[in-house]
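# Report on the structure
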Amino acid sequence: MFRKAKRLAWPTGLGGLVLIAAGGCGLLVDFFDPDLAGRLGLDPATVKPQQGTVIVAFSNSTRYPASFNAYWSRDANNLASYSRNFSVDVPSGNVRNEVLECPVGVISPGSLDATFTPSALAVVVQAGEEAAEVEYAGPPLISGDGFFCGDVIEIRVSAIGTGDTATYAVSVRVIRGR
């Protein structure tokens, strides 16, 4: 009347690895050494993208209002794949921020034009009747090297000198979130 149930065995050896890999590449990366995917020629960011957020804090330490420009892209090697410019107006002595959902491949002060070519114009300081354009001279921040998900990236404009002869500079600082 009753049939004897067949016993299922847990896969072992190479067959088990194939089943684990078929269940999801992310599981394979979790199960083994995190550097294994890289040694196999796989990009770990595409196998298991980073989770979380990156906060970009725009800090205006001048005595005038400033408009910040920045861009980000998911792919640091192909800015046309998924990129976005953003701008933030920051009153004198204040901080405003932008929250970016990971994965993020590159972040930089400046902007991308219609052909996805970066522009170095990072901040416009409205110094009374005059507008001072401030360019960013540093390199873009690349994920995994310059920042990680969970970090805060501070982009600051500061005055160099005083009064009407003041010039302005943009600096970038990464505050580790780990």
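Reading the values: the criteria
- Residues numbered from 1 in each chain as written.
- Predicted model: local features only at pLDDT ≥ 70, side-chain atom pairs only at ≥ 80, totals over all residues.
- Heavy atoms only, no water.
- Salt bridge = Lys/Arg side-chain N within 4 Å of Asp/Glu carboxyl O.
- Helix = DSSP H or I, 4+ residues; strand = E, 2+ residues; numbered from the N terminus.
- Buried < 20%, exposed > 50% of the residue type's maximum accessible area, 1.4 Å probe, protein only.
- Contact = heavy atoms within 4.5 Å.
- Core = buried A, V, L, I, M, F, W, Y, C linked by side-chain atoms within 4.5 Å.
- Pairing = 2+ DSSP bridges.
- Axes fitted to C-alpha atoms, helices over the stretch in contact; angles between N-to-C directions.
- pLDDT = per-residue confidence, 0-100.
- Disulfide = S-S within 2.5 Å.
- Phe/Tyr/Trp six-rings, centres within 6.5 Å; stacked < 30°, edge-to-face > 60°.
- Lys NZ or Arg CZ within 6 Å of the ring centre and 35° of its normal.

### Let's talk about the pattern of salt bridges
Evaluated as defined, the whole model comprises four salt bridges. A salt bridge links Arg176 to Asp151; the nearest nitrogen and oxygen atoms lie 2.7 Å apart. Remark: Asp151 occurs in the loop between strand E10 (141-142) and strand E11 (152-160) and Arg176 occurs in the segment after strand E12 (167-175); sequence separation between them is 25 residues. On the accessibility criterion, Arg176 (45% relative accessible area) is partly exposed.

### Quick word on the environment of Glu154
Among the secondary structure elements, Glu154 is positioned in strand E11. In contact with Glu154, other than residues within four places in its own chain, are Ala57, Ser59, Ser171, Val172 and Arg173.

### Concerning the nonpolar core
Phe58, Phe68, Ile107, Val123, Val125, Ile155 and Tyr168 are the most contacted members of the largest nonpolar core, which totals 30 residues. Elements with a contribution of two residues or more to this core: strand E1 (53-60), strand E2 (66-73), strand E3 (83-90), strand E8 (121-127), E11 and E12.

### Topic: the pairing of E1
Consecutive side chains of a regular strand alternate in pointing toward one face of the sheet and then the other. Most of E1 is tucked away: six of the eight residues are buried. As defined by bridge partners, E1 adjoins strand E4 (residues 95-101) across seven bridges and the pair is classed as antiparallel. Each residue of the ladder has a partner; that of Val56, found in E4, is Glu98. Here six bridges tie E1 to E11, and the two strands are oriented parallel to one another. For Ala57, the partnering residue across the bridge sits in E11 and is Glu154.

### Topic: the sheet that holds E4
Within a beta sheet, neighbouring strands are joined by backbone hydrogen bonds and run either parallel or antiparallel to one another. One open sheet holds the four strands; their spatial order is E4-E1-E11-E12, and the pairing between them is mixed. The open sheet has two edge strands with one neighbour each: E4 and E12. Neighbour-to-neighbour, the strand axes of this sheet turn through a mean angle of 15 degrees, independent of strand direction.

### A short note on the confidence of the model for the chain
The predicted model of the chain averages 83 in pLDDT, with 71% of residues at 70 or higher. For residues 14-32, every residue scores under 50 in pLDDT, and the model assigns this stretch 11 contacts once sequence neighbours within four places are set aside.

### A closer look at the state of the cysteines
Scanning the entire structure with this criterion turns up one disulfide. Each sulfur of the disulfide joining Cys102 and Cys149 lies 1.8 Å from the other. Disulfide Cys102-Cys149: the torsion about the S-S bond is -125 degrees, which places it as left-handed. With a gap of 47 residues between them, Cys102 in the loop between E4 and strand E5 (106-109) and Cys149 in the loop between E10 and E11 connect regions that are remote in the sequence.

### Topic: the packing of aromatic side chains
In total, this model carries three aromatic pairs according to the counting rule given. Pairing Phe58 with Phe68 gives two aromatic rings, centres 5.3 Å apart and planes at 50 degrees, and the pair type is tilted. Of this pair, Phe58 sits in strand E1 while Phe68 is found in strand E2, placing the two residues 10 residues apart along the sequence. Phe58 sits in the buried class, given a relative accessible area of 1%. Owing to a relative accessible area of 0%, Phe68 belongs among the buried residues under this scheme. Taking the centre distance of 5.9 Å and the plane angle of 70 degrees together, the rings of Phe58 and Phe86 count as edge-to-face. Here the residue Phe58 occupies a position in strand E1, and Phe86 occupies one in strand E3, the gap between them amounting to 28 residues. Among the aromatic residues, those joined into a cluster by ring pairs are Phe58, Phe68 and Phe86. Between the NZ or CZ atom of Arg74 and the centre of the ring of Tyr82, over which it lies, the distance is 4.2 Å.

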